[in-house]
Amino acid sequence: MKRLTLTKQQQRYVLLGFIGVSCLIAIAGILMGIYAYLHPVRYIRSESNMLEVKKSFLANGEVDEDVFQIPRGAQVVIDRRGETDSQITYDGHRLTIPNENLVPSRKDCVEIESVYPRKLVNLRTSRQGKLSDVVAAKGEKLKVVSVLPSDLDPATGEISWFEVEKDGKNYWLAGTNLETTYENAVKDYSSNMMFNPVYDEVYGGGHSYDAYVQQTDLKGKTKVSWNGNPLRDDIQGIHITLENLIAHKDELIKLKNETGLNALVIALKGTNGKLAYSSEVPGGKKDENGKEIIPKFFNNPNSALDQSLISKEELKKLIQELKNAGFYIIGRLETFKDSAYAFDHPNLAISDLYGNPAYYSEDYWVSPYSREAWEYNGWLAKEAAEMGVNEVQFDFCRFPDGMTVDETLGLVDLHNNYSESKAAAIQGFLFYIQEELDPYHVYTASDIYGGPVIDLYDYDIGHFVPAMAAASDIVCPMIYLDTFDTSAYGFTDAATQSREILNAFTQNAEEEVNTVANPAAMRLWLQGYNDTTPERIAQEIQGIMDAGQSGYLLWTDRGDMATLDYLKEGIIESKPQNH
């Protein structure tokens, strides 16, 4: 190969070119360094989620001012530095910020010495870890030990986790229910809320206010819409067992294409606590080194798994196939109505005076006060998220009905270790589930009896609508006309006035949900069984739409194709024209 040889003059040109490029790079570096010195990058430091900044201006010859909110942790560039204040440009506006609120790194953004819970909370042993038996009361002062920069969201200024100290030991708490002042932690958010104090006559005066207001958090977490899994208001779905889903997958896809249906509520954990797939949660899981990945929850895992129909891997593939076909997928768990778990752990069950699981409301129940039961259902929810569901829905997320008399007579043990109200326990569980599912960008939905919506109390099962709306991403009131007292809204016939009834109920439910500071979205359950006709389904859906809602869920029990085919014309008739 011939070797290329440069003349001395060419070598000189190359050298000069190299020197010239090097000089330009050096000059650019110097200029960038000067610019960085004059206009350094800083981050917003604030005690609250948002730093409030005011900007004065003249309007009609008078001084007025705009108020801007900049999230804690937001990155900004200094336009002009001063001794005490500096100017930045934020959202197109030149603003003056105190230098104490401008720090060189995100780890310096948090200036919080103490936090105060808005309700009773269990402290965690580690970040996103196990719930300990140690609790902090509403308004209790907890010293902040640390905040990881990764736990600060610069888009909202919110902090997802705090390391705190109590009694000389360090624990972790999610930022969901925390305030930075005692006054904000105990603030009464119930001014727009109504409740019926009917249980004051059973449990004593003041019981209802304490149960529904004092013990709950009516502010809740700021609701989000996840990228890649947006919170939708057009979900129109049906409930189906996994058995029927496997058998009729192609028919369901065809049904979707013919109607306005776009979602499936799949029964993952149902009657008696039986799991429909080969979950890893009951028996736990360890890695190759023997380290625990999932705790073991059952002494006899087969008692929850002996009716499973499909492997976890196969179910994950099925869910993805259905999502590819255009379905929004909701995984449904029957939460505390769980005889399998109750008999495996009778010490955690709602029990009689002899310590045996007690039979109420057609089954045996694990106590909703049990934190172990919270964690079991939390792991199932995370497993559902890993399999690809958009949302996890909690049914029977309550105490059993028909228990009040036995409770007042002392004939039943609920294992209420923290002296909580039922409403506070159910809300606490839902907040816990939100904390567990947030990293997966999957939503938490809770089913609510229709009665508490109408009567404004929790039916002694923990279903207090505002408390559940503050702790869920979606609430799903159940309005089944075969059990509905038509006189509640002044109607006389559910068959002929179904549209009017659903309109009234939807408005009623929406009003209650929106009494809390950060309300959940709402999606109603409709009756699709017994004497339901296609004509009535169409009328009920139209009633919901008359009230401004477009989403609903249809309960047909098992989701048999014969029932769905029969009701199909009603769904088509009520299909919104813009969908």
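**Student:** When you look at the overall build of the chain in this model, what are you seeing that I'm missing?
**Tutor:** Summing up its helical and strand segments, the chain has 17 helices and 29 strands in all. Principal-axis analysis of the C-alpha atoms places the extent of the chain at approximately 100 × 70 × 65 Å. Taken over 579 residues, the chain has a buried fraction of 50%. Accessible surface, the chain as shown: approximately 26900 Å² in total, 49% of it carbon and sulfur. Computed over 54 positive and 84 negative side-chain charges, the separation of the two mean positions in the chain equals 13 Å.

**Student:** Whenever I open this one, the pairing of strand β8 (residues 114-117) confuses me. Can you help?
**Tutor:** Along a regular strand, successive side chains alternate from one face of the sheet to the other. Burial along β8 is two-sided: the face carrying S114 and Y116 and the face carrying V115 and P117 are both buried. Sheet topology note: the β8/strand β11 (residues 142-146) ladder contains two bridges and is antiparallel. Within the sheet, the bridge partner assigned to S114 lies in β11 and is K143. Direction of pairing for β8 relative to strand β14 (residues 178-179): antiparallel, over a ladder of two bridges.

**Student:** Teacher, can you tell me more about the nonpolar core here?
**Tutor:** One finds L242, L245, Y277, L315, F336, Y376 and V392 to be the most contacted residues of the largest nonpolar core, which totals 106 residues. A total of nine residues in this core trace back to one element, the largest contributor, which is helix α12 (residues 422-437). In this structure, L315 is in contact with L242, L268, Y277, I310 and M387, ignoring residues within four places of it in sequence. One finds C109, I112, A136 and L152 within the second-largest nonpolar core, a separate group that totals 18 residues.

**Student:** Can you walk me through the packing of aromatic side chains in this structure?
**Tutor:** This model, assessed by the stated rule, comprises 21 aromatic pairs. Look at F298 and Y341: their rings are 5.2 Å apart centre to centre, the planes differ by 70 degrees, and that puts the pair in the edge-to-face class. Of the two residues, F298 sits in the loop between β19 (292-294) and α7 (302-305) while Y341 sits in helix α9 (residues 339-344), which places them 43 residues apart along the sequence. When its relative accessible area of 1% is taken as the criterion, F298 is described as buried.

**Student:** Looking at this structure, how should I read helix α17 (residues 561-573)?
**Tutor:** It helps to recall that an α-helix has 3.6 residues per turn; residues three or four apart then point in one direction. Taking 1.5 Å of rise per residue, 13 residues should cover 18 Å, and α17 covers 19 Å from first to last C-alpha, within 8% of that figure. A bend of about 40 degrees at L567 is the largest found in α17. Among the residues making up α17, those that are buried are M561, L564, L567, K568, G570 and I571. Packing partners of the buried residues in α17 comprise β15 (236-241), α6 (249-258), α16 (534-546) and β29 (552-555).

**Student:** Which parts of the structure should I look at to understand the packing of α16 against α17?
**Tutor:** Between two packed helices, what matters for the description is the angle formed by their axes and the separation of those axes. One can describe the packing of α16 onto α17 by two numbers: an axis separation of 7 Å at closest approach and a directional angle of 30 degrees. In this structure, α16 meets α17 at a crossing whose hand is right-handed. Residues P534, I537, A538 and Q542 of α16 form the contact with α17, whose participating residues are Y566, L567, E569, G570, I571 and E573. Considered class by class, the residues forming the contact of α16 with α17 number six nonpolar, two polar and two charged.

**Student:** Help me out: how do you make sense of the pattern of salt bridges in this one?
**Tutor:** Opposite charge on two side chains lets them pair, provided their charged atoms get close. Under the criterion given, the structure shown has 33 salt bridges. For D338, the salt bridge is made with K269, and the minimal N-O distance between the two is 2.9 Å. You can see D338 sitting in the loop between β21 (328-334) and α9 and its partner K269 sitting in strand β16 (residues 263-269), a full 69 residues away along the chain. Residue classification places D338 among the buried positions, given a relative accessible area of 0%. E407 is paired through a salt bridge with K422; the nearest N and O atoms lie 2.7 Å apart. In this pair, E407 sits in helix α11 (residues 404-408) while K422 sits in helix α12, placing the two residues 15 residues apart along the sequence. Taking relative accessible area as the criterion, E407 reaches 23% and is therefore assigned partly exposed. Residues joined by salt bridges that share partners form a network here, namely E280, K285, K312, E383 and E386.

**Student:** Which parts of the structure should I look at to understand the pairing of strand β12 (residues 161-166)?
**Tutor:** Burial analysis of β12 places five of its six residues in the buried class, which makes it a mostly covered element. In this structure, the hairpin formed by β12 and strand β13 (residues 169-174) is closed by a connection of two residues, where D167 is found at a positive phi of approximately 50 degrees.

**Student:** Is there a simple way to think about the packing of helix α15 (residues 498-513) against α16 in this case?
**Tutor:** The interhelical angle for the contact between α15 and α16, taken along N-to-C directions, is 35 degrees, at an axis separation of 7 Å. Relative to α16, the crossing made by α15 is right-handed. Residues S498, R499, L502, N503 and T506 of α15 pack against R536, Q539, E540, Q542, G543, I544 and D546 of α16. Its residues placed into classes, the contact of α15 with α16 shows two nonpolar, six polar and four charged.

**Student:** Got a minute to help me understand the environment of A247 in this structure?
**Tutor:** Looking at where A247 falls in the secondary structure, it is placed in helix α5 (residues 242-247). Each C-alpha atom, one on A247 and one on M561, is 9.8 Å from the other, the two residues being 314 residues apart in sequence.

**Student:** Would you take a moment to explain the environment of F336 for this structure?
**Tutor:** With respect to the element layout, F336 can be found in the loop between β21 and α9. Expressed as a C-alpha distance, the spacing of F336 and Y189, which sit 147 residues apart in the sequence, is 29 Å.

**Student:** Help me understand the state of the cysteines, please; the structure alone is not making it clear to me.
**Tutor:** As used in these notes, a disulfide is a covalent bond between sulfur atoms, one from each of two cysteines. In the structure shown here, the tally under the stated rule is zero disulfides. As a non-bridged cysteine, C476 has C397 as the owner of its nearest cysteine sulfur, 12 Å distant.

**Student:** For this particular structure, what's the right way to read the sheet that holds strand β5 (residues 85-90)?
**Tutor:** Strand pairing in a sheet relies on backbone hydrogen bonds, with the paired strands running either antiparallel or parallel. The five strands are arranged β6-β5-β4-β1-β7 in an open sheet whose pairing can be described as antiparallel. In this open sheet, the two strands that pair with only one neighbour each are β6 (93-98) and β7 (102-103). As defined by bridge partners, strand β1 (residues 41-44) adjoins strand β4 (residues 75-81) across three bridges and the pair is classed as antiparallel. Bridge pairing in β4 links V41 to V77.

**Student:** Which parts of the structure should I look at to understand the side chain of T506?
**Tutor:** For T506, the location among the structural elements is in helix α15. Of the residues examined, T506 reaches a relative accessible area of 0% and is grouped as buried. Apart from the residues lying within four places of it in its own chain, the contact partners of T506 are M522, L524, I544, A547 and Q549.

Parameters at a glance
- Residues numbered from 1 in each chain as written.
- Predicted model: local features only at pLDDT ≥ 70, side-chain atom pairs only at ≥ 80, totals over all residues.
- Heavy atoms only, no water.
- Helix = DSSP H or I, 4+ residues; strand = E, 2+ residues; numbered from the N terminus.
- Buried < 20%, exposed > 50% of the residue type's maximum accessible area, 1.4 Å probe, protein only.
- Areas by Shrake-Rupley, 256 points an atom, 1.4 Å probe, with all protein chains shown as cover.
- Lys, Arg positive; Asp, Glu negative; His and termini not counted.
- Charge placed at Lys NZ, Arg CZ, Asp CG, Glu CD.
- Pairing = 2+ DSSP bridges.
- Core = buried A, V, L, I, M, F, W, Y, C linked by side-chain atoms within 4.5 Å.
- Contact = heavy atoms within 4.5 Å.
- Phe/Tyr/Trp six-rings, centres within 6.5 Å; stacked < 30°, edge-to-face > 60°.
- Expected span 1.5 Å × (residues − 1).
- Bend = angle between axes of the 7 residues up to and from the residue.
- Axes fitted to C-alpha atoms, helices over the stretch in contact; angles between N-to-C directions.
- Left-handed = near helix turned anticlockwise from the far one by under 90°.
- Nonpolar A, V, L, I, M, F, W, Y, C, P; charged D, E, K, R; others polar.
- Salt bridge = Lys/Arg side-chain N within 4 Å of Asp/Glu carboxyl O.
- Disulfide = S-S within 2.5 Å.

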